[in-house]
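Summary of the model geometry
Single-letter residue listing:
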Amino acid sequence: MKTLREPLAARRPANVTVMSLDDGGEIDLDEVLAGLVREPKRLSPKLFYDARGSELFNAICKTEAYYPTRTERGILTSHAEAIAQAVGPDCVVFEFGPGDMSKVRLLLPRLLPSAYVGIDIAKAQLITAAETLAFEYPWLEVFAVCADFGVELAGQLPLPPGRRRVVFFPGSTIGNFEPDDARAFLGLLARMVGADGGAIVGVDFQKHTALLDRAYNDPEGLTRAFNLNVLTRLNREVGADFDERRFQHHAFYNESLQRVEMYLVSMVSQVVPLAGRPIRFAAGESIHTENSYKYTPQSFAALASEAGFAAHRLWTDARDYFGLSFLSGA
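Residues numbered from 1 in each chain as written. Predicted model: local features only at pLDDT ≥ 70, side-chain atom pairs only at ≥ 80, totals over all residues. Heavy atoms only, no water.

1. Thoughts on the packing of aromatic side chains
Applying the stated criterion across every chain, the model contains 18 aromatic pairs. Both rings, one in tyrosine 67 and one in tyrosine 321, keep their centres 5.7 Å apart while their planes meet at 65 degrees; by these two values the pair is edge-to-face. One end of the pair, tyrosine 67, is in helix H3 (residues 67-87); the other, tyrosine 321, is in the loop between strand E14 (311-316) and strand E15 (322-328), with 254 residues separating them in the sequence. Here phenylalanine 242 and phenylalanine 247 contribute two aromatic rings whose centre-to-centre distance is 5.8 Å and whose plane-to-plane angle is 65 degrees, an arrangement assigned as edge-to-face. Overall, phenylalanine 247 belongs to the buried group, its relative accessible area being 1%. Pairwise contacts between aromatic rings join Phe48, Tyr49, Phe57, Tyr66, Tyr216 and Phe226 into one cluster. Between the NZ or CZ atom of lysine 41 and the centre of the ring of phenylalanine 281, over which it lies, the distance is 5.0 Å. (Phe/Tyr/Trp six-rings, centres within 6.5 Å; stacked < 30°, edge-to-face > 60°. Helix = DSSP H or I, 4+ residues; strand = E, 2+ residues; numbered from the N terminus. Buried < 20%, exposed > 50% of the residue type's maximum accessible area, 1.4 Å probe, protein only. Lys NZ or Arg CZ within 6 Å of the ring centre and 35° of its normal.)

2. Quick look at the environment of glutamate 141
Here glutamate 141 lies in strand E6 (residues 141-146). The partly exposed category is assigned to glutamate 141, whose relative accessible area is 35%. For the pair glutamate 141 and tyrosine 295, spaced 154 residues apart in sequence, the C-alpha separation works out to 34 Å. The contacts of glutamate 141, once residues within four sequence positions are left out, are Asn15, Ser114, Ala115 and Tyr116. (Contact = heavy atoms within 4.5 Å.)

Spelled out as structure tokens, the structure:
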């Protein structure tokens, strides 16, 4: 098992601890090569979240077209008291992929947890957000852990003993997993929180195709830039030679599979060098970069049950666009 280490920080708040896996946030070149030589080509959505990608995603969340963020924030604001009552006080909150940690702020004054653990691969943003949170909530022990979602961390952190564990997983990120992987990840969370813990999970619901297509093709072009930034990152970090001008962003809702699919499409026939390997593209050939599955309340409840959670409560908006589900341990 890889060890965690804490770097030095001259002016870090006393109530924040920063830890990282040895290779946290680094590109797995073998995984990239395997994805680009297969048919069809594919890249992991983990590659989106370098510093620039995180900045672009935060900007996407503020656009009019991208409804999930403002809808979820409305649910958190309207139902914060009920969510806090379901969770209970003095727990340890684990948030996977916290971004700027703005959503958990809507719950903290009512939840009053004993500790907060933010877990993300976007290290620079994670540290900045954790330090800001620690300054704003001096009574809260804050841990920033640079790691992938699949790592079980609870036993490796110096947390208060005997506290209930609750995972906060907002933003519909669960939809980025293939269904079997989503079930496996929820199963990991169920084991992590145990019988007396729980998880608050954001879920994007099925809706009109036009609304979904627009959300992932915003008029400002931010999602396009977010998608293409993957190529810029590969150029910078692993010595690839992609020309962004030769690729275009393509996203659409696949109704039969109930998911939004996102691609980078080669506009011309070309060969791109990557780590000494020629990666060949035919004109019109695509790289699949992300899926975002859309659930119904019933289908997500079934998935959570299969993963080992005993029961769930659901809070949603007036249009049933989005839901926050509290899953309780078995």
